[in-house]
Each structure stands twice: as structure tokens, then as C-alpha cells.
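Here is what each chain is made of, one letter per residue.
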Amino acid sequence: MDLLYNRAPWRICRSLAAAAVAALLVMGSPPAKAAKSVPLANMAGQWTGNGWASRTVGASKEKVRCRLKAKYNAKTRKLSLNGKCAASSGTYTLLGHIAEHAGSKKLTGRWVNPKGIGSMNIAGNRSGNRLTFLFKSKDKKSKRKVAYKTVWDLRSRGFSLNTGLASGAHNGLGQINF
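Owing to the predicted nature of the structure, the values given are computational and were not obtained by experimental measurement.

**Things to note about the packing of aromatic side chains**
Summed over the entire model, instances satisfying the criterion amount to four aromatic pairs. The interplanar angle of 20° and the centroid separation of 5.7 Å between the aromatic rings of Phe 135 and Tyr 148 together place this pair among those described as stacked. With Phe 135 in strand 8 (residues 130-138) and Tyr 148 in strand 9 (residues 145-155), the pair connects residues that are 13 residues apart, well separated along the chain. Exposure remark for Phe 135: the relative accessible area of 6% places this residue in the buried category. A centroid spacing of 5.0 Å and a plane angle of 15° characterise the contact between Trp 152 and Phe 159, whose relative ring orientation is stacked. What links up through ring pairs into an aromatic cluster is the set Trp 47, Trp 152, Phe 159 and Phe 178. Sitting over the face of the ring of Trp 52, Lys 61 holds its NZ or CZ atom 4.2 Å from the ring centroid.

Next comes the structure, spelled out in C-alpha cells:
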């Protein structure tokens, strides 16, 4: 989310969004022997994570530490997230939720970053242990819409989050393991 760099906090917000784009946000692979998907309910609890974020693609990486509280509501099939991340440039709030739709691989949610891009709806899909969210956000400098991708890889004892531009071979903007 809006994790780093006082000069361009909105870029970091997008880079780690979302998220819980939104989020809220590592390309770790699911375990090779996993036969079943890890339930979103398994993500409930207190999490700490470490990783990196950069202001733009190819820019230097800054270390990030995050704490996250996740609550799962079985009735609504919604995982709510609330936490903070810290870097040498400051601390940043993370808020959001992800909802699974019964009988579908579709996901929806909302990600909020008060210091960054504000609040946005997110949508994505699930494939096994991987949750993928694609979203667009307006670049504050160029005023153009930029496409981003956030991937959550769920494991039985944690998850990882990777965010970057939606296209391009070298598109990474942030990575955190919880």
C-alpha cells in the first residue's frame, strides 16, 4: 500500500495494494504437493511480514516490515484486513477486504489507503492457492490510468504478496512474505 517514499506515496500505495487492493501486499509458489486450495478462512489471525517495495519499476528497493490483523466472516465469506507497514520513510495504514463468491472463482473487495490513492474496489479470481487482482489507478503526475496486478499466494501457514505493473517482463513494485 502507501508504504514508502514521502515524495511519491501514491506509487507505493499502488505497488503494494491493494491491497489488499487494495489491498494489501510476493510471488511465492504454492506447495507442489498441495492437492486442495487453502481456504481464505486460514488467513484469519495476526501476521507479520517482511519484504521490499520500490517507488517505480527498476528503482531501488526499500525494506518493509508489516503487521496485519485478518478476520474471516464465514457467513459473508469475507476476509477483512487491518494493519500497518513500516519503512525508513515512515509507517502506513493498510485496510481492506476480500470476498469469495460461493460456487465461483471470482473475488471482489475494497482496498483503502488514506495516504495514497484513497479507496478503490478490486476484482479478481482464484486459481488454486493463488488470488490475482487486476486494477487500474490514475497516476497523479501524468493523469493517465495505469494497470496494476497484485497476486496473493496462500499457504497453509501464511501467504505472500507481489505487486507490480500488469504488463511487462520486469514489472515488480513490491514483495512481502507473511
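**Looking at the pairing of strand 11 (residues 172-177)**
Pairing geometry for strand 2 (residues 45-54) and strand 11, over four bridges, is antiparallel. Along strand 11, the bridge assignment pairs Asn 50 with Asn 177. Sheet analysis places strand 10 (residues 158-165) next to strand 11, joined by five bridges and oriented antiparallel. In the strand pairing of strand 11, Ser 160 is matched with Asn 177.

**As for the state of the cysteines**
Summed over all chains, the structure comprises one disulfide. A sulfur-sulfur distance of 2.0 Å marks the disulfide that ties Cys 66 to Cys 85. Between Cys 66 and Cys 85, the S-S torsion sits near 110°, and that sign places the bridge as right-handed. Remark: Cys 85 occurs in strand 4 (residues 78-87) and Cys 66 occurs in strand 3 (residues 61-73); sequence separation between them is 19 residues. By the burial criterion, Cys 66 is buried, and Cys 85 matches it.

Parameters and conventions
- Residues numbered from 1 in each chain as written.
- Predicted model: local features only at pLDDT ≥ 70, side-chain atom pairs only at ≥ 80, totals over all residues.
- Heavy atoms only, no water.
- Phe/Tyr/Trp six-rings, centres within 6.5 Å; stacked < 30°, edge-to-face > 60°.
- Helix = DSSP H or I, 4+ residues; strand = E, 2+ residues; numbered from the N terminus.
- Buried < 20%, exposed > 50% of the residue type's maximum accessible area, 1.4 Å probe, protein only.
- Lys NZ or Arg CZ within 6 Å of the ring centre and 35° of its normal.
- Pairing = 2+ DSSP bridges.
- Disulfide = S-S within 2.5 Å.

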